[in-house]
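Structural overview for review
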Amino acid sequence: MNFFGALKKIISRKKTKGYYEASQILTVEEKQSLVIASAILIVPFILSLILMLSN
């Protein structure tokens, strides 16, 4: 659930005078869930790309 909450915060946040609102700052758990989800999506893509290029 933190993953979708983090995505919602990133999509909806806007800068005001160079600062973000305090409620829109990502927590450590949200950052970790984004990193894990991006790794799950990117690593197989890179591996398949390498395999396709090597053949």
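Anyway, here's the lowdown on the structure attached to this text. Nothing here was measured: the structure is a model prediction, and the numbers come from that model.

Describing the overall build of the protein chain
If you tally the helices and strands in the protein chain, you get two helices and zero strands. Here the C-alpha radius of gyration of the protein chain, 16 Å, is well above what a compact globule of 55 residues would show, namely 10 Å. Across its three principal directions, the C-alpha atoms of the protein chain cover 50 × 25 × 15 Å. In the protein chain, which comprises 55 residues, the share counted as buried stands at 15%.

Comments concerning the side chain of Glu30
With respect to the helices and strands, the residue Glu30 is situated in helix H2 (residues 28-54). The buried category is assigned to Glu30, whose relative accessible area is 9%.

As for H2
Because an α-helix packs 3.6 residues into every turn, residues spaced three or four apart end up facing the same way. Compared with an ideal rise of 1.5 Å per residue, which puts 27 residues at 39 Å, H2 spans 38 Å between its outermost C-alpha atoms and is within 8% of the ideal. Within the sequence span of H2, burial applies to Glu30, Ser33, Leu34 and Ala37. Summarising the contacts, the buried residues of H2 are in contact with helix H1 (2-12).

So, the packing of H1 against H2
Closest axis-to-axis distance for the H1/H2 pair is 8 Å, and the angle between their directions is 100°. The angle between H1 and H2 places the two elements in the roughly perpendicular class. Residues Asn2, Phe3, Gly5, Ala6, Leu7, Lys9 and Ile10 of H1 form the contact with H2, whose participating residues are Glu29, Glu30, Ser33, Leu34 and Ala37. Taken together, the residues that form the contact of H1 with H2 break down as six nonpolar, three polar and three charged.

Examining a nonpolar patch on the surface
Together, Ile36, Ile40, Leu41, Ile42, Phe45, Ile46, Leu49, Ile50 and Leu53 make up an exposed nonpolar region whose accessible area comes to about 950 Å². Mapped onto the secondary structure, Leu49 falls in helix H2.

Looking at the side chain of Lys9
Locating Lys9 in the fold gives a position in helix H1. A polar side-chain atom of Lys9 sits 3.2 Å from a polar atom in the side chain of Glu30. In this structure Lys9 touches Ser23, Gln24, Ile25, Leu26 and Glu30, once residues within four positions along its chain are discounted.

The rules behind each value
Residues numbered from 1 in each chain as written. Predicted model: local features only at pLDDT ≥ 70, side-chain atom pairs only at ≥ 80, totals over all residues. Heavy atoms only, no water. Helix = DSSP H or I, 4+ residues; strand = E, 2+ residues; numbered from the N terminus. Rg over C-alpha atoms; globule rule 2.2 N^0.38 Å. Buried < 20%, exposed > 50% of the residue type's maximum accessible area, 1.4 Å probe, protein only. Expected span 1.5 Å × (residues − 1). Contact = heavy atoms within 4.5 Å. Axes fitted to C-alpha atoms, helices over the stretch in contact; angles between N-to-C directions. Parallel < 35°, antiparallel > 145°, perpendicular 65-115°, else oblique. Nonpolar A, V, L, I, M, F, W, Y, C, P; charged D, E, K, R; others polar. Patch = residues over 30% accessible without salt bridge, like charges linked within 9 Å, V, L, I, M, F, W, Y side chains within 5 Å. Areas by Shrake-Rupley, 256 points an atom, 1.4 Å probe, with all protein chains shown as cover. Salt bridge = Lys/Arg side-chain N within 4 Å of Asp/Glu carboxyl O. Polar contact = N/O pair within 3.5 Å; in protein donor to acceptor, adjacent residues only side chain to side chain.

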